[in-house]
Amino acid sequence: IYCFIFLFFIADLTKKELFFNVTFWALIITLGVQLILFIKLGLNYDSGRYMIMFQHPNQLGFWGLIVILIFISINQNIILKSPFLFYLGILIASFFVIASISQAAIIVLVLLLLIYLFSTFRKSPIIFILIFSIISFFTYSYLEQTILDDNQLTKVLISRFDSDLLNENDNDNNLEARNYNRIWENPEYLILGAGESGLGRFGNDTNEIHSTFGSILFSYGFIGLILFVSSLLKVTLYPFRINSIIFLVFLIFTVTHNVLRWPFFWALPYLMFCIKKADHVRN
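Bear in mind the structure is a predicted one, so any value in this text is a computation, not a measurement.

On to the overall build of the protein chain. If you tally the helices and strands in the protein chain, you get eleven helices and zero strands. In the protein chain, the order of α-helices and β-strands from amino to carboxyl end is α-α-α-α-α-α-α-α-α-α-α. Counting the 283 residues in the protein chain, one finds 44% classified as buried. Here the analysis covers contacts within the protein chain between residues at least 6 apart in sequence; of these, 71% occur between residues at least 24 apart. Within the structure as shown, the protein chain displays about 16100 Å² of accessible surface, and the carbon and sulfur contribution to it stands at 68%.

Laid out in structure tokens, this is it:
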């Protein structure tokens, strides 16, 4: 209900160009506040990862990705007077994605930046070369400094990949650990769905399926999944633009995380739809 109200609120505000300007500056200020909090709070030792004041590190990674996508959407809707702040915002948001050490978020981040920089290269090779040079310089400088100083973030990154992603004996990333097995072990629910909550019905593990589309399939069946996916694709794919590709890449994150309760997940495709529709009408 909250997500619906939030989306309804966004739908009304997008009618005014002032909304996009205010959103841009609000995100810039938010990134600055989060950066101060990051420096002050440091590592969350309970999780062994950075999460600032989010409830989970994956939420930090998701938030960073959403900020980048909103920046890209706003930049295509209005002519920003501060392109430096635009690229700086993307750079800081990318840093937070990496700091969250969310494997899915980092993979999506790399793909998003490659796609966006390639699209920028087609329009303006100079801007592409400039952005690539800045990112490469800061990345090299940061890695050199962190490796020499044995920085805490470097330790956590190395530990995360060694103990999780590169560890064959780790079970965190398999289908059973993310409760995908609940789908094929209870096939009677695949038509109409099992509904929300009451997960104790399906064994001792009462955690939800760690997947947006997996959760929709199991909770609302094939009928609910078809309705959801068809509506989402209609909004994001027509008219087909670079934003369509970017959003489809972003959906990779939802394969291993359930983001249905996160309001920005609902607002983002609508923002992209409004911007693409307006561009389509003008053309």
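Here the narrative resumes, following the displayed structure.
It is worth spelling out the packing of helix 2 (residues 17–41) against helix 4 (residues 83–100) at this point. Interhelical geometry of helix 2 versus helix 4 gives an angle of 40 degrees and a closest axis separation of 10 Å. One way to sum up the angle between helix 2 and helix 4 is to call them oblique. Of the two possible hands of crossing, helix 2 and helix 4 adopt the one that is left-handed. Note on element contacts: helix 4 touches helix 2 through L85, F86, G89, I92, A93, F95, F96 and A99, opposite F24, W25, I28, L31, Q34, L35 and F38. Split into classes, the residues belonging to the contact of helix 2 with helix 4 amount to 13 nonpolar, two polar and no charged.

Attention now goes to the confidence of the model for the protein chain. Averaged over every residue, the pLDDT of the protein chain is 77; residues scoring 70 or more account for 72%. Counting contacts from residues 145–149, a segment whose pLDDT is below 50, to residues more than four positions away or on other chains yields two contacts.

A few words on the pattern of salt bridges. The final tally for this structure, using the stated rule, is one salt bridge. A salt bridge links R261 to E208; its shortest N-O distance comes to 3.0 Å. In this pair, R261 is assigned in the loop between helix 10 (242–250) and helix 11 (263–282) and E208 in the loop between helix 8 (181–185) and helix 9 (212–237), connecting sequence segments 53 residues apart. By relative accessible area, R261 is classed as exposed at 54%. A residue is classified by how much of its surface remains accessible, and E208, at 27% relative accessible area, is partly exposed.

The subject of this paragraph is the packing of aromatic side chains. Ring pairs (aromatic) are described by centroid distance and by the angle formed between their planes. The full count for this structure, using the stated rule, is 21 aromatic pairs. When the centroid spacing of 6.4 Å and the interplanar angle of 65 degrees are considered together, the rings of F86 and Y116 count as edge-to-face. One end of the pair, F86, is in helix 4; the other, Y116, is in helix 5 (residues 103–123), with 30 residues separating them in the sequence. Both residues of the pair, F86 and Y116, count as buried. The rings of F24, W25, F71, F86, Y87 and Y116 are connected pair by pair, giving a single aromatic cluster.

Glancing now at a nonpolar patch on the surface. A surface patch of nonpolar side chains, about 640 Å² in accessible area, is lined by I191, L192, F222, I223, I226 and L227. Note that I226 resides in helix 9.

Ranked by size, the top nonpolar core spans 65 residues in total, and within it L65, F71, F250 and F253 carry the most contacts. If you list the elements that add at least two residues to this core, you get helix 1 (2–13), helix 2, helix 3 (57–77), helix 4, helix 5, helix 9, helix 10 and helix 11. Considering every element that reaches this core, the biggest residue donor is helix 3, with twelve residues. If near-sequence neighbours (up to four positions away) are discounted, F250 is found in contact with F62, L65, I66, L69, V108, L112, F265 and L268.

Another aspect to go through is helix 9. Taking 1.5 Å of rise per residue, the 26 residues of helix 9 would be expected to cover 38 Å, yet its terminal C-alpha atoms sit only 19 Å apart, more than 12% below that figure. Bending of helix 9 peaks at approximately 125 degrees at the position of G221. Where helix 9 begins, the capping side chain belongs to S211, and its oxygen is found 3.0 Å from the backbone nitrogen of G214.

What counts as what
- Residues numbered from 1 in each chain as written.
- Predicted model: local features only at pLDDT ≥ 70, side-chain atom pairs only at ≥ 80, totals over all residues.
- Heavy atoms only, no water.
- Helix = DSSP H or I, 4+ residues; strand = E, 2+ residues; numbered from the N terminus.
- Buried < 20%, exposed > 50% of the residue type's maximum accessible area, 1.4 Å probe, protein only.
- Contact = heavy atoms within 4.5 Å.
- Areas by Shrake-Rupley, 256 points an atom, 1.4 Å probe, with all protein chains shown as cover.
- Axes fitted to C-alpha atoms, helices over the stretch in contact; angles between N-to-C directions.
- Parallel < 35°, antiparallel > 145°, perpendicular 65-115°, else oblique.
- Left-handed = near helix turned anticlockwise from the far one by under 90°.
- Nonpolar A, V, L, I, M, F, W, Y, C, P; charged D, E, K, R; others polar.
- pLDDT = per-residue confidence, 0-100.
- Salt bridge = Lys/Arg side-chain N within 4 Å of Asp/Glu carboxyl O.
- Phe/Tyr/Trp six-rings, centres within 6.5 Å; stacked < 30°, edge-to-face > 60°.
- Patch = residues over 30% accessible without salt bridge, like charges linked within 9 Å, V, L, I, M, F, W, Y side chains within 5 Å.
- Core = buried A, V, L, I, M, F, W, Y, C linked by side-chain atoms within 4.5 Å.
- Expected span 1.5 Å × (residues − 1).
- Bend = angle between axes of the 7 residues up to and from the residue.
- Polar contact = N/O pair within 3.5 Å; in protein donor to acceptor, adjacent residues only side chain to side chain.

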